[in-house]
Amino acid sequence: MKVVVTVVGQDRVGIIAKVSDILAKHSVNILNINQNIVNGFFNMALIADMENSSINLKDLQKSLSVLGQELGLDIKAQHEDIFQIMHRI
Amino acid sequence: MLTIQDILETNRMIQENNLDVRTITMGISLRDCAHPDMKTFCQNVYDKITKTAQHLVKVGEDIEAEYGIPIINKRISVTPIAIAAESCHTDTYVPVAHALDKAAKAVGVNFIGGFSALVEKGYTRGDRILIKSIPQALMETERVCSSVNLGSTKTGINMDCVREMGEIVKKCAELTKDNNAVACSKLVIFCNVPQDNPFMAGAFHGVGEPEKVINVGVSGPGVVKRALEDVKGQDFSVVAETIKKTAFKITRVGQLVAQEASRRLDVPFGIVDLSLAPTPAVGDSVAYILEEMGLESCGAPGTTAALALLNDAVKKGGLMASSHVGGLSGAFIPVSEDAGMIAAVERGSLSLEKLEAMTCVCSVGLDMIVVPGDTSAATLSGIIADEAAIGMINNKTTAVRLIPAPGTKVGDKVEFGGLFGYCPAMPVSKFKSDDFIARGGRIPAPIRSLTN
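Each value, and the rule that gives it
- Sequence order as written defines the numbering, with residues in each chain counted from 1.
- To label them, take the chains in the order written and letter them from A, then take the ligands in the order written and number them from 1.
- Given that the model is predicted, a residue must reach a pLDDT of at least 70 before its local features are reported, and side-chain atom pairs must reach 80 or more before they are shown or counted; all residues, however, enter totals for whole chains, interfaces and linings.
- Hydrogens are left out, water is left out, and the side-chain values use all remaining heavy atoms of the structure.
- By definition, residues are in contact when any of their heavy atoms lie within 4.5 Å.
- When two parts are put together, the accessible area they lose, computed with a 1.4 Å probe and summed over both, is reported as buried area.
- Each salt bridge in this description consists of a side-chain nitrogen of Lys or Arg and a carboxyl oxygen of Asp or Glu lying within 4 Å of one another.
- In this text, helices come from DSSP runs of H or I with a minimum length of four residues, and strands from runs of E with a minimum of two, each type numbered from the N-terminal end.
- Classification used: nonpolar for Ala, Val, Leu, Ile, Met, Phe, Trp, Tyr, Cys and Pro, charged for Asp, Glu, Lys and Arg, polar for all others including Gly.
- DSSP bridges decide pairing: two strands pair if at least two such bridges lie between them.
- Only the stretch in contact is used when fitting a helix axis, every axis being a line fitted to C-alpha atoms; angles between N-to-C directions are given from 0 to 180 degrees.
- The buried label goes to any residue with under 20% of its type's maximum accessible area, the exposed label to any with over 50%, and the partly exposed label to all in between, with areas taken from a 1.4 Å probe on protein chains only.

Section: the interface of chain B and chain A
Here is step 1 of the chain: On the side of chain A, 29 residues touch chain B, which itself brings 26 residues to the contact.
Here is step 2 of the chain: Contact between chain B and chain A buries roughly 2,500 Å² in total, counting both sides, with carbon and sulfur atoms accounting for 66%.
Here is step 3 of the chain: Our enumeration of links across chain B and chain A arrives at two salt bridges.
Here is step 4 of the chain: As a salt-bridge pair, Arg-88 of chain A and Asp-6 of chain B come within 3.1 Å of each other at their nearest N and O atoms.
Here is step 5 of the chain: With 10 residues, the top contributor of residues to the side of chain B that touches chain A is helix 1 (residues 4–15) of chain B.
Here is step 6 of the chain: Residues belonging to the side of chain B that touches chain A are distributed by class as follows: 15 nonpolar, five polar and six charged.

What follows is the structure in C-alpha cells.
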C-alpha cells in the first residue's frame, strides 16, 4: 500500500529530516518527495510505500500527528488511492 | 505520478471546502422477516438488522481514517414496513418502529429509513395501517424515518393519500409540538420515489433491490462554490464546465468509498448518489453557489435557471466518475439545512412559490420548510398535490417535507439542531384548497406514461 504524507505549516529547519526519520524507523520507503514554500508557508507531499513497513497506517498517522503537534505543523498520512482516483482517470 | 498541486487540492477540498461523503447507507431486505405474530416479526427485524449491519459503523470509521475523508453518516434503509409487516395480525405498526429504533441504536447508525408505504395507485391493508401509525411512531422513536410515495409518472397521483398526508403531517406536528415538531422532519412525501436513495429521511430498500446493498451519497457544495470563485464573470459555458469537472472529482471519492465499504463488508455495491447536499455549516451551501453565479440573493430572478444549470452539470460530471449512479442525484435545496437559503428567506428574496419553481429543476422538492402552525391540513395537501404534479408531469422525483410547527407565525424561527439547522416560518397562500382536496380519487397517469 502506498501512502501520501502531507505537511503544511510554518517553515523551519529540519522538517523533512524529522518526518523521514519516523518513516525510516518503521521501514516505510519514500518513493517521491515534493516540497515548496509559498509566503513562508511550508508545503510538502511525500509518497511512500508501506509494503514492508513494521507499522500499520493508523499507528503511523498517530506518530506523525504527535510530531505535527510538537512542531506546530499539520501532518497527515492518507491512503494514496483518494488522490489517484480524484486526479487520474 | 501525482503532483503536489493535486494532493494539496484534494486536502484543501476536504479541510477548507467541507468535502465529505455524506452517507454510507446499507440497504437490508426484511422480506424474509414476515410473521403473523407481531412480537416474533419485531424480533426477526431486530435480529436481521443487527446481524447484517454489525460492522457498518466500524468499517465507515476505518475508511474515514485511512483515506482522510470525513464520512458524516452511516445509515440503514429497509424494505418498506407496509410490505414487510403486512402479514402481522395487528392494527398498528408502532411496535415495528420501536424495533427499528432499537436496532439502529444497537449498531450505532443515526437514522434508519423504511417506515414507508408505496401507495401511488392505491392502498393495501398494510399501507393503511402504516400511514395511520406514522405520527405515533415518529413521536415515540428517535432514529426512525418515514416516507410515503403517493404518485408517479406511470400511475398518476393518489389524491386520497394526498388528502390523508396533509392530516398526517398536521398530526405529526401536533404530537411533537414541544420538540419543534421534529416528527415532521422525519417524514417525506414523494412522487416518483427512487428505490435506492441513500439520503434520509426518504431512504428505503426497494422491492427490486438485492438482499443487501451499499449505497453512498456524496456531497460538496462548498467545493463547487470555491471552484466557481476562480471563474468570476466568465460565461455560462465556462461555469458549466467548471461544475462538471468539480462534480467528477467529488463523485470519484464517493465511488472509492462505496467500493471500499462494499469490499470490506462483503455487501454488493449498489449506487453512488451524485448529490450536492448542503449543511448549515458556513460555506457548505447550494444557495451560495447560485449567488456565486451572479445573483444578489437566492430567489432573485434567474435562480431557477442557475439551479437548472447546476443540477445538470453535477449529473454530467458525476456520471462518468461512477460505475452505477442512482438515488436522487442532483442538487438538494432543503431550506433549514442550507445557511444561504436561510439567509435568503430572512432577507425576503426566497418565497415558497419560488422554491416550488426551483423544484422543477432540482433533484428533490420542498424540503425542510417551516410554515405557520395554523396552516390547514387541506392547504398542506394542496402543496403536496402541486409538488406531486410537478414530479409526475416532468418524470422526476419530487418530495415534500413541511413543518407546520404549532404556534409558529410567519418569521418565527424553529431550531432543529445539528445537520437539520433552523428555519424561519415562511408565508403560505391564504386562499383555500379544501374543496379541491376533498374530492379524492386518482389523478390519471399523464400521456407521457404511455411510452411502450
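Here the narrative resumes, following the displayed structure.
Thoughts on the sheet that holds strand 1 (residues 2–10) of chain A
Residue and element names in this part refer to chain A.
Here is step 1 of the chain: With antiparallel pairing, four strands are arranged side by side in an open sheet as 2-3-1-4. The open sheet terminates on both sides in strands that have one partner only, identified here as strand 2 (29–38) and strand 4 (73–79). For this sheet, the mean angle separating the axes of adjacent strands, direction not counted, is 15 degrees.
Here is step 2 of the chain: Bridging between strand 1 and strand 3 (residues 41–49) involves nine bridges; their strand directions are antiparallel. Residue Gly-9 lies in a different strand from strand 3, and its bridge partner there is Phe-42.
Here is step 3 of the chain: Together, strand 1, strand 2, strand 3 and strand 4 form the strand contacts of helix 1 (residues 15–25), whose direction differs from that of strand 3 by roughly 25 degrees.

Digging into the environment of Met-13 of chain B
Here is step 1 of the chain: Mapping Met-13 of chain B onto the fold places it in helix 1.
Here is step 2 of the chain: Since its relative accessible area comes to 2%, Met-13 of chain B is described here as buried.
Here is step 3 of the chain: Measuring from C-alpha to C-alpha, the distance between Met-13 of chain B and Leu-274 of chain B comes to 17 Å, with 261 residues separating the pair along the chain.
Here is step 4 of the chain: Setting aside residues no more than four positions away along its own chain, Met-13 of chain B makes contact with Met-86 of chain A together with Asn-18, Leu-19, Val-223 and Lys-249 of chain B.

Focus on the pairing of strand 2 of chain A
Residues and elements named next belong to chain A.
Here is step 1 of the chain: Looking at chain direction, strand 2 and strand 3 are connected through nine bridges and run antiparallel. From the neighbouring strand, Asn-32 faces strand 3, where its bridge partner is Ile-47.
Here is step 2 of the chain: The antiparallel hairpin formed by strand 2 and strand 3 contains two residues in its connecting segment, where Asn-39 sits at a positive phi of about 50 degrees.

With respect to the pattern of salt bridges
Two side chains carrying opposite charge are able to pair once their charged atoms lie near each other.
Residues and elements named next belong to chain B.
Here is step 1 of the chain: Following the criterion strictly, the structure yields 29 salt bridges over all chains and no others.
Here is step 2 of the chain: Its salt-bridge partner being Glu-142, residue Arg-143 comes within 3.9 Å of it at the nearest N-O pair.
Here is step 3 of the chain: Of the residues examined, Glu-142 reaches a relative accessible area of 47% and is grouped as partly exposed.
Here is step 4 of the chain: Linked through salt bridges whose partners overlap, the residues forming this network are Glu-66, Glu-260, Arg-263 and Arg-264.

Overview of unusual backbone geometry
Peptide bonds are trans in most cases, and residues, glycine excluded, mostly fall at negative phi.
Residues and elements named next belong to chain B.
Here is step 1 of the chain: Following Met-200, the chain continues into Ala-201 via a peptide bond in cis, with omega recorded as 10 degrees.
Here is step 2 of the chain: Relative to the assigned elements, Ala-201 resides in the loop between strand 7 (187–191) and strand 8 (212–218).
Here is step 3 of the chain: Positive phi outside glycine occurs at Asn-192, with the angle close to 55 degrees.
Here is step 4 of the chain: Structurally, Asn-192 is set in the loop between strand 7 and strand 8.
Here is step 5 of the chain: The residue Asn-395 is not glycine, and still its phi comes out positive at about 55 degrees.

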